[in-house]
Amino acid sequence: MATAAEVETEEETEMMKMVKLGSYDGKVRLLIVSGDSESESAAEETMLLWGIQQPTLSKPNAFVAQSSLNLRIDACGHSLSILQSPSSLGTPGVTGSVMWDSGVVLGKFLEHAVDSGMLLLHGKKIVELGSGCGLVGCIAALLGAQVILTDLPDRLRLLKKNIENNLRHGDLRGSAVVTELTWGDDPDQDLIQPLPDYVLGSDVIYSEGAVGDLLDTLLQLCGTQTTIFLAGELRNDSVLEYFLEAAMKDFVIGRVEQTQWHPDYCSPRVVVYILVKKLEK
Ligand SMILES: C[S@@+](CC[C@H](N)C(=O)[O-])C[C@H]1O[C@@H](n2cnc3c(N)ncnc32)[C@H](O)[C@@H]1O
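Residues numbered from 1 in each chain as written. Predicted model: local features only at pLDDT ≥ 70, side-chain atom pairs only at ≥ 80, totals over all residues.

**With respect to helix α8 (residues 237-247)**
- Buried within α8 we find Leu-240, Glu-241, Phe-243, Leu-244 and Ala-247. Along α8, the residues classed as buried sweep out an arc of 165 degrees about the axis, all on the same side. (Buried ≥ 20, exposed ≤ 12 C-beta atoms within 10 Å, placed from the backbone. Helix = DSSP H or I, 4+ residues; strand = E, 2+ residues; numbered from the N terminus. Arc of directions from axis to C-beta.)

**Some thoughts on the packing of helix α7 (residues 208-221) against α8**
- Between α7 and α8, the shortest axis-to-axis distance is 10 Å and the interhelical angle comes to 25 degrees. In terms of axis orientation, α7 runs roughly parallel to α8. The two elements α7 and α8 cross, and the hand of that crossing is right-handed. Across the interface between the two elements, Glu-208, Val-211 and Leu-215 of α7 pack against Val-239, Tyr-242, Phe-243, Ala-246 and Ala-247 of α8.
- Looking at the contact of α7 with α8 residue by residue, the classes come out as seven nonpolar, no polar and one charged. (Axes fitted to C-alpha atoms, helices over the stretch in contact; angles between N-to-C directions. Parallel < 35°, antiparallel > 145°, perpendicular 65-115°, else oblique. Left-handed = near helix turned anticlockwise from the far one by under 90°. Contact = placed C-beta atoms within 7 Å. Nonpolar A, V, L, I, M, F, W, Y, C, P; charged D, E, K, R; others polar.)

**Let's talk about the site of the ligand**
- Neighbouring the ligand are 20 residues; Gly-96, Gly-103, Gly-130, Gly-132 and Ser-202 lie closest to it.
- Taken together, the residues of the shell around the ligand break down into seven nonpolar, nine polar and four charged. (Near = placed C-beta within 6 Å.)

**What about the nonpolar core?**
- In terms of nonpolar packing, the biggest core is built from 79 residues, with Leu-110, Ala-140 and Val-272 touching the most fellow members.
- When near neighbours in sequence (up to four residues on either side) are disregarded, Val-272 contacts Val-105, Leu-106, Phe-109, Phe-229, Ala-231, Val-256 and Trp-261. (Core = buried A, V, L, I, M, F, W, Y, C linked by C-beta atoms within 7 Å.)

Written out as structure tokens, the structure is:
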């Protein structure tokens, strides 16, 4: 049995772990505290997530219907209609032709965070990585941000269509443009001049092979004032652990607890992280 002093120390460590990161006003759970190594912290995080949330016990695709040609969702007072191409999903390497739960969770989290005064997106520059069908970027633009949605060069048609169909100039507070960006390649000047206030990504951590390029791109896009929101699907613990361990070398990472998400869009199969670049020594 733990002694009173040990219980107190554990409670103190838990409290030390809740911090404010970047431009998000809520407190997030820090993944690493001094004394722990990156690999220990990444392993502890994945063990915690799989142990407590038990993602594989609940059904995937709670908020999306990937066989449908259209996903309808209400956000920011608008009824959005996101076109999908389920048949393209069979093509090797194509994943963004349909929506994924973590995209819906991230989009609705942003709306909820803005509505509850935890986040200000109005007038801010945002770059979204791996936008897929574009829901997250659409919601960010409706929340008043100047959004650049990006994806691989041959995946932009559906994305452009969804932006045109859902964001009409009259009722748009922000703006949205689509441009190509392959992770690991040098970004176009308009993406980095000036550096974005926010970088967004949902379901972009799903293959160990892509982690190095994804992190290179995050590093290129981020200054000390940039806040990254990444929402991930809990499918594979070793891919997530690999990403976290590598990312912790250059970024401070905090997990946004589900109590801070949109109450109607919570899922034990999804995780939301905030990353900010470490200060250079
Ligand atoms: C699983 S989908 C997620 C799509 C969308 N964010 C969502 O949540 O519905 C992953 C996205 O990342 C994009 N992607 C994968 N590898 C990429 C790379 N190397 N460079 C740029 N985008 C990439 C895919 O084209 C796809 O749109």
